[in-house]
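# Geometric and topological summary
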Amino acid sequence: MPNKENKGKKTEDMINLVDNLNQKDDLNYNRRAFLKSAVGASITLGLATIPFSIKAMMDDGVEDENRVEIVDLEDLPKGTSVNFNYPTEHEPAILVHTPRGELKAYNNKCTHLQCPVFYEKENDTLLCPCHKGYFNVDSGHPEAGPPQRELPLIELEVHNGTVYAVGRKIRHG
Ligand code: FES
C-alpha cells in the first residue's frame, strides 16, 4: 500500500518524465529548425554564386573576338613594341616584336596595381616600373616583383603584312 512518501516520489518522477519529454521535443524541434535553415542557406548561397561561376567559366576561354588592326609589320622592327587598345578603347595593350621574330601581345595593365607595363628591349622582358614587377615576354607570366597573375593574352593574326588582334584569353594560375 503506497505511503505518503511514495506518492510524493511518484509525482516527482512524473514531473521529471514530462520535463524530459519536453526537452526531447525541444531538441528535435531545434535540430529540424537548424537543418531547415542550413538547407535554406545553402540554396541561397548556391543561387547567389551562379553568376560568378558562369563568369569564371567564361574567363577560362576566349572572351573577346573582335578583330582590330594594330600595325603594319614593317613599322614594327624586331626588338620594338607598340601600344594599342583591345578589345575596347579603354583596355590598353602592348604588342611586342621580339628579337627572335615572334609577335606577342598582352593587355598591359599590371596585374598587381594596374600600372602600365612596358617592353624593356635590353632584357627582353616586360617591366612594370611602379614596384618593379617583371613579366615573361613569351608567356606573360609574372617572373619577379609583386605581380602574381599573368597578363591577359591577346591572340594575333597577320594578313598581308598587317597585324590584327583577334581574341583575348584571360588566364588563371
Ligand atoms: S603595379 Fe605593377 S608591380 Fe605594382
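Residues numbered from 1 in each chain as written. Predicted model: local features only at pLDDT ≥ 70, side-chain atom pairs only at ≥ 80, totals over all residues. Heavy atoms only, no water.

As named in an unreviewed UniProt entry, the protein is (2Fe-2S)-binding protein, taken from Sutcliffiella cohnii.

## Regarding the overall build of the protein
Applicable threshold: Secondary structure follows DSSP: runs of H or I at least 4 residues long count as helices, runs of E at least 2 residues long count as strands, and numbering of each begins at the N terminus. Only protein chains enter the calculation, and the probe is 1.4 Å; a residue is then buried if its accessible area is under 20% of its type maximum, exposed if over 50%, and partly exposed in between. Contact criterion: two residues are considered in contact whenever any of their non-hydrogen atoms come within 4.5 Å of each other. Each accessible area is a Shrake-Rupley result for a 1.4 Å probe, and residues are judged covered by the shown protein chains and nothing else.
Helix and strand content of the protein: one helix and 11 strands. Along the protein, helices (α) and strands (β) appear in the sequence α-β-β-β-β-β-β-β-β-β-β-β when read from the amino end. Each of the 173 residues in the protein was classed as buried or not, and the buried ones make up 28%. Across the protein, every contact between residues at least 6 apart in sequence was considered, and the portion connecting residues at least 24 apart equals 43%. Surface exposure of the protein reaches about 11700 Å², of which carbon and sulfur atoms provide 56%.

## A short note on the sheet that holds strand E6 (residues 118–120)
Going by this rule: Between any two strands, pairing holds if DSSP finds at least two bridges. Here an axis means a line fitted to C-alpha atoms, over the contact stretch when the element is a helix, while the angle between two N-to-C directions is reported on a 0 to 180 degree scale.
In space, the four strands of this open sheet follow the order E6-E7-E8-E9, with antiparallel pairing throughout. Sheet topology places E6 and strand E9 (142–144) at the edges, where each strand pairs with a single neighbour. Averaged over all pairs of adjacent strands, the angle between their axes in this sheet comes to 40°, without regard to strand direction. Where strand E7 (residues 125–128) and strand E8 (residues 133–136) come together, four bridges link them in antiparallel fashion. Looking at the pairing, Leu127 lines up with Tyr134 of E8.

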